[in-house]
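Now for the letters of each chain:
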Amino acid sequence: MKSKIINFGSINIDHVYRVPHLVKPGETLSSLDLVTGLGGKGANQSVAIARAGVSVAHVGRVFKGDRWAVELLASTGVDTDNIALIEGASGHAIIQVDDQGENAIVLHGGANQSFSIADIESALNHNQQARYLLMQNETNLLAEAFELAQEKGIKIVLNPAPMTDNIKDLPLAKLDTLIVNRGEAEALCGAADIDQMTQQMAALAPQTRVVVTLGGDGAMLLANGEVTHMNSPSVDVVDTTGAGDTFVGYFLAGVAEGMNDHDALQRACLAGSIAVTRQGAIKAIPDRSEVNR
Ligand code: RIB
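The rules behind the values
Residues numbered from 1 in each chain as written. Predicted model: local features only at pLDDT ≥ 70, side-chain atom pairs only at ≥ 80, totals over all residues. Heavy atoms only, no water. Near = heavy atom within 4 Å. Polar contact = N/O pair within 3.5 Å; in protein donor to acceptor, adjacent residues only side chain to side chain. Areas by Shrake-Rupley, 256 points an atom, 1.4 Å probe, with all protein chains shown as cover. Helix = DSSP H or I, 4+ residues; strand = E, 2+ residues; numbered from the N terminus. Nonpolar A, V, L, I, M, F, W, Y, C, P; charged D, E, K, R; others polar. Core = buried A, V, L, I, M, F, W, Y, C linked by side-chain atoms within 4.5 Å. Buried < 20%, exposed > 50% of the residue type's maximum accessible area, 1.4 Å probe, protein only. Contact = heavy atoms within 4.5 Å.

Go over the site of the ligand, please, and point to the residues and values.
Asp14, Gly40, Lys41, Glu138 and Asp245 are the nearest of the 14 residues found near the ligand. Here an oxygen atom of the ligand and a side-chain polar atom of Asp14 are 2.6 Å apart. In the environment of the ligand, an oxygen atom lies 2.9 Å from a nitrogen or oxygen atom belonging to the backbone of Gly40. When the ligand is considered free in solution it has 280 Å² of accessible area, and contact with the protein chains removes 96% of it. Mapped by element, the contributors of at least two residues to the shell around the ligand are strand S2 (12–18), helix H1 (41–51), strand S6 (91–97) and strand S7 (103–108). Counted by class, the shell around the ligand contains five nonpolar, five polar and four charged residues.

This is how it looks when you write it as structure tokens:
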């Protein structure tokens, strides 16, 4: 299969603990439930793209004993040819989810932090027809992947989650699309107010399509100097884990299949709001027919 999108992204084993409230400093808290399954911002976004009906090749690494994770990704339609099974431990996430559906996540990078430049070159060479490279911030070698994809004329889409200082050193003005949540936008441009944020983002990357996700308040898109705001339907929140990833995958899938920005934004908001009504990351991501309905 020739994929439109290459996703250079994390694959995590998620340990999701249901808790009465997010644990406080110094507190020991018993969980009410534990579910272990596939996650990782990269893997979640690949599944969202595939469920949106667009071809995606995932570039990843997991422990060889976690082949099930690769098989699960493949079963959703993701091209897994560029996922390596290695000796080192897989990445994992300890996730608390409280009664309001809010979460707190501790990550261990593991295999996600062990990519070589050769892995990225090989994935780009195997997917010469791809038009977009998607990246989050749970893998090593982001700057190198950025440069290699740019040399090949591939459009780069970045969701810098979780945000770290090194993101500011990337040539953000050369991105095709930057997708951030409110906290990430604030960390990038130092403004808390949404109007100031918009202006600063426009200055930071004037040619880049910038999307700011606003949780229950929908999302905002800044492109060609124009701002579009999209509301999200009001829903009962069960678990917000992976909702942002669902949004990112659906938005990019829409753009890659030729939707205009407004329609891609609207569908991404709908998909994200369905995801928060269900528990877990990957299993909460809706497919295209459900979102269309
Ligand atoms: O965005 C949710 C994801 O963040 C989880 O699946 C977890 O693995 C962390 O990467």
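Just give me the short version of the nonpolar core, but keep the residues and values in it.
Counting 42 residues, the largest nonpolar core has Ile5, Ile11, Ile49, Leu73, Phe247, Phe251 and Leu265 as the members making the most contacts within it. Looking at this core, the elements that each hand over two or more residues are H1, strand S4 (56–63), helix H2 (67–75), strand S8 (132–135), strand S12 (219–223), helix H7 (243–256) and helix H8 (261–275). With eight residues, H7 is the single largest residue contributor to this core. Apart from the residues within four sequence positions on either side, Phe247 is in contact with Ile179, Val211, Thr213, Ala219, Leu265, Ala268 and Cys269. In this structure, Ala130, Ala145, Ile167 and Leu188 belong to the second largest nonpolar core, which totals 36 residues.

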